[in-house]
Amino acid sequence: MTYSTRGRLGRSLLLAGAGVFAPPALHAGLNDVTQTPNNENAGIQKSLIDQIGMGRGDVYTARSSLYVIKRDPFRSIRRGRQLFQRKFRLAEGLGPRTGDGVGDISADASLGAGLTDSCAACHGRPRGSAGFGGDVFTRPDGRDAPHLFGLGLVEMLADEITQELRQQRDDALQQARQQAAPVTQALASKGVAYGSLVAHPDGSLDTRAVEGVDADLRVRPFFAEGSTISIREFVVGAFNAEMGLESPDPDLAAASGGADVITPAGMRLSGGSDRIEAPPVHSVAEDGDGDGVYDEIPVALVDHLEFYLLNYFSPATYEQNRQELRGQLLLERIGCTSCHVPDLPLARDRRVANVEVAYDPDRGTFNNLFAVATPLFAQVDDGSGYPTLKQPLAEPFLVRGIYADFKRHDLGPAFWERNFDGTLHKQFMTEPLWGVGSTAPYGHDGRSINLHEVIVRHGGEAQAAQRNYLALRPSGRAAIIAYLRSLVLFPPDDTASNLNPGDPSTDGFPQYGHGSIRLPVLFNDPTDLE
């Protein structure tokens, strides 16, 4: 039996056996209480061994990652969140840096990535969320760690654009063979143009007119230069480069070897058509960094982190009055939205919930923000006697306020980046503007101190829009800045929601009792408390 929970919270979301589970507020960089017991019982409530559970397992193996993701997805999201915040230890394999920081940095930029003890050390603001962090020496002028809000939507949009562009390419090749003549094919997806290509009857392609994407038409949305395809590659790579923690991830190992793999979060890694990044080690018996610790990041942890980031919240919209709304209109009028496209349609949403956060002084008990969570899954009784399977509805979804086009652009010499080998990198992915009001400093290198400065830094393909901005009256420029400042990040554990609206009468308010966005577990499992 299958039934949907879309558009309502319903019994399946609000009820968790004896009650809705709500852990203590979480902060960036956490120990677990088995490592550092304290009177407040503050910290992650499970040991790392408990978080690993029964490994990857399957949908019939309780406490395995596949079981939790498929049958209690919100528990997996929260597990991934706490792993994101976990402070790893030397005994768990933390460190050393890549090559202990010695080697040819022109060939391997991770030599300059530094060493942190948690994901939240670089992506930990605002308080306890996948926010943004500091600068790393992976380029001569540094790279600024971006925020990770809405990461799953970014991955899904990029993958859909890739599939649409490749279908257009394949259709052109078929037409060229049928007509025995070259065919020129315009490339476009979701209202964004990517140039054109010429398909020849012999199966060859002329891709010189392709714009903003590689000749293979794969959109790689992660990192400023656009080099990584998936959240899973990003997670495994960051564990290794930034923390010296090696994962023998079987999905990346198989896909990097040419296989097609669908991850537990539903991302297809097509090793036959894409270059997939290999994991740092390929076996649980391999100790690549020689620190004496094996299987440092088991596959179950990667599963939970990937699923967490797939479902992570989009940024919020803060107060918008006449000035901000005027700035929104001016942003389009001066040409910024030719690259920073406001809304993009998603054909198939793999998430299990959506959370919209907006300014609401009546219900927003902290920061005047209030969140509305909507489940996006169907429950399927598989007759196993276990809790029902929770399957994403996989329906269309309009991604609002992302302000991106998933293309690379040359923004002129002020944005060009030096590489360690002496070359210049000139093209960068359009940075989504959602959350931009909370993420100073700006630019891929963090060298622009405020929004005005990063706008006037634009040149190259954005030169006309920059000149139009400078030609505005001061009030017009101020309106644009005001609008951009209203696109904010937020701390989920301090943001009231329809799941936990908060209670201003609580003793100690607003420090306590201000509500939160804590997706409830869907059934009680006394052996798997967070």
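Residues numbered from 1 in each chain as written. Predicted model: local features only at pLDDT ≥ 70, side-chain atom pairs only at ≥ 80, totals over all residues. Heavy atoms only, no water.

1. Here we look at the overall build of the protein
Part 1 of the argument: Along the backbone of the protein there are 12 helices and 21 strands.
Part 2 of the argument: Among the 530 residues that make up the protein, the fraction classed as buried is 53%.
Part 3 of the argument: Counting every atom, the protein has about 22,200 Å² of accessible surface; 52% of that belongs to carbon and sulfur. (Helix = DSSP H or I, 4+ residues; strand = E, 2+ residues; numbered from the N terminus. Buried < 20%, exposed > 50% of the residue type's maximum accessible area, 1.4 Å probe, protein only. Areas by Shrake-Rupley, 256 points an atom, 1.4 Å probe, with all protein chains shown as cover.)

2. Description of the environment of G422
Part 1 of the argument: Tracing the chain through its elements places G422 in the loop between β17 (417–418) and β18 (424–425).
Part 2 of the argument: Residue G422 is classed as exposed on the basis of its relative accessible area of 63%.
Part 3 of the argument: Separated by 316 residues in sequence, G422 and S106 have C-alpha atoms that sit 8.8 Å apart.

3. Comments concerning the packing of aromatic side chains
Part 1 of the argument: A complete count under the given rule lists 14 aromatic pairs for this structure.
Part 2 of the argument: An angle of 35° between the planes, with centres 5.1 Å apart, marks the rings of Y312 and F313 as tilted. By the burial criterion, Y312 is buried, and F313 matches it.
Part 3 of the argument: Between Y318 and Y359 the ring centres are 5.1 Å apart and the planes differ by 75°, which places this aromatic pair in the edge-to-face class. Of this pair, Y318 sits in the loop between β9 (316–317) and α9 (322–333) while Y359 is found in strand β11 (residues 353–359), placing the two residues 41 residues apart along the sequence.
Part 4 of the argument: What makes Y318 partly exposed here is its relative accessible area of 31%.
Part 5 of the argument: What links up through ring pairs into an aromatic cluster is the set F84, F149, Y308, Y312, F313 and F490.
Part 6 of the argument: Over the ring of Y194 we find K407; its NZ or CZ atom is 5.6 Å from the centre of that ring. (Phe/Tyr/Trp six-rings, centres within 6.5 Å; stacked < 30°, edge-to-face > 60°. Lys NZ or Arg CZ within 6 Å of the ring centre and 35° of its normal.)

4. Section: the sheet that holds strand β5 (residues 192–199)
Two orientations exist for strands paired in a sheet by backbone hydrogen bonds: parallel and antiparallel.
Part 1 of the argument: Strand order across the open sheet formed by 3 strands is β4-β5-β6, with antiparallel pairing between neighbours. In this open sheet, the two edge strands, each paired with only one partner strand, are β4 (183–189) and β6 (205–206).
Part 2 of the argument: Pairing analysis gives 6 bridges linking β4 to β5, with the strands arranged antiparallel. When the sheet's bridge partners are listed, S189 is paired in β5 with V192.
Part 3 of the argument: Helix-sheet contacts for helix α5 (residues 151–179) involve β4, β5 and β6, and the interaxial angle to β4 is about 165°. (Pairing = 2+ DSSP bridges. Contact = heavy atoms within 4.5 Å. Axes fitted to C-alpha atoms, helices over the stretch in contact; angles between N-to-C directions.)

5. Considering helix α4 (residues 73–85)
Part 1 of the argument: Taking 1.5 Å of rise per residue, 13 residues should cover 18 Å, and α4 covers 19 Å from first to last C-alpha, within 8% of that figure.
Part 2 of the argument: A large share of α4 lies buried, amounting to 13 of its 13 residues. (Expected span 1.5 Å × (residues − 1).)

6. Describing the pattern of salt bridges
Part 1 of the argument: Within the structure shown, the criterion is met by 30 salt bridges.
Part 2 of the argument: The residue D32 makes a salt bridge to R86 at a minimum N-O spacing of 2.8 Å. One end of the pair, D32, is in the loop between α1 (10–14) and α2 (48–52); the other, R86, is in the loop between α4 and β2 (135–136), with 54 residues separating them in the sequence. You'll find D32 and R86 in the same group, each marked buried.
Part 3 of the argument: Here E306 ties to R232 by a salt bridge, and the two come within 2.7 Å at their closest N and O atoms. Of the two residues, E306 is situated in helix α8 (residues 299–310) and R232 in helix α6 (residues 231–243); the sequence distance between them amounts to 74 residues. For the pair E306 and R232, a shared accessibility class is recorded, and that class is buried.
Part 4 of the argument: It is possible to trace a salt-bridge network through shared partners that takes in R56, R232, D249, D251, D303 and E306. (Salt bridge = Lys/Arg side-chain N within 4 Å of Asp/Glu carboxyl O.)

7. Describing the nonpolar core
Part 1 of the argument: Residues F84, Y194, F239, L309, V399, I402 and F406 are the most contacted members of the largest nonpolar core, which totals 83 residues.
Part 2 of the argument: Here I402 is in contact with V154, L157, V341, P342, L344, P432, L433 and W434, once residues within four sequence places are set aside. (Core = buried A, V, L, I, M, F, W, Y, C linked by side-chain atoms within 4.5 Å.)

8. Points about the pairing of strand β13 (residues 377–380)
Successive side chains on a regular strand alternate, one facing one side of the sheet and the next facing the other.
Part 1 of the argument: Burial along β13 is two-sided: F377 and Q379 and A378 and V380, pointing in opposite directions, are all buried.
Part 2 of the argument: By the bridge criterion, 4 bridges tie β13 to strand β14 (residues 389–392) in an arrangement that is antiparallel. Residue pairing across strands places V380 opposite L389, the latter belonging to β14.

9. Description of empty space enclosed by the protein
Part 1 of the argument: The full count for this structure, using the stated rule, is 2 cavities of 30 Å³ or more.
Part 2 of the argument: The computed volume of the second largest cavity comes to approximately 30 Å³.
Part 3 of the argument: Lining the second largest cavity are G212, V213, R218, V219, R220, G226, F406, R408 and M429.
Part 4 of the argument: Taken together, the residues that form the lining of the second largest cavity break down as 4 nonpolar, 2 polar and 3 charged. (1 Å grid on protein atoms, 1.4 Å probe; cavity = no way out; pocket = protein on both sides within 12 Å on 5 of 7 lines; lining within 4 Å. Points joined across faces, edges and corners; volume = space filled by probe spheres on them. Nonpolar A, V, L, I, M, F, W, Y, C, P; charged D, E, K, R; others polar.)

10. Details of the packing of α4 against α8
Part 1 of the argument: It is the contact of α4 with α8, at a shortest axis distance of 7 Å, that shows an interaxial angle of 105°. Accordingly, the angle class assigned to the pair α4 and α8 is roughly perpendicular. Touching P73, S76, I77, R79, G80, R81, L83 and F84 of α4 are L301, H304, L305, F307, Y308 and L309, all from α8.
Part 2 of the argument: Class assignment for the residues of the contact of α4 with α8 results in 9 nonpolar, 3 polar and 2 charged. (Parallel < 35°, antiparallel > 145°, perpendicular 65-115°, else oblique.)

11. A word on the environment of G212
Part 1 of the argument: Inspection of the secondary structure puts G212 in the loop between β6 and α6.
Part 2 of the argument: Under the relative-accessibility criterion, G212 is labelled buried at 16%.
Part 3 of the argument: For the pair formed by G212 and A193, sequence separation is 19 residues and the distance between their alpha carbons is 9.0 Å.
Part 4 of the argument: Apart from the residues within four sequence positions on either side, G212 is in contact with F406, K407 and R408.

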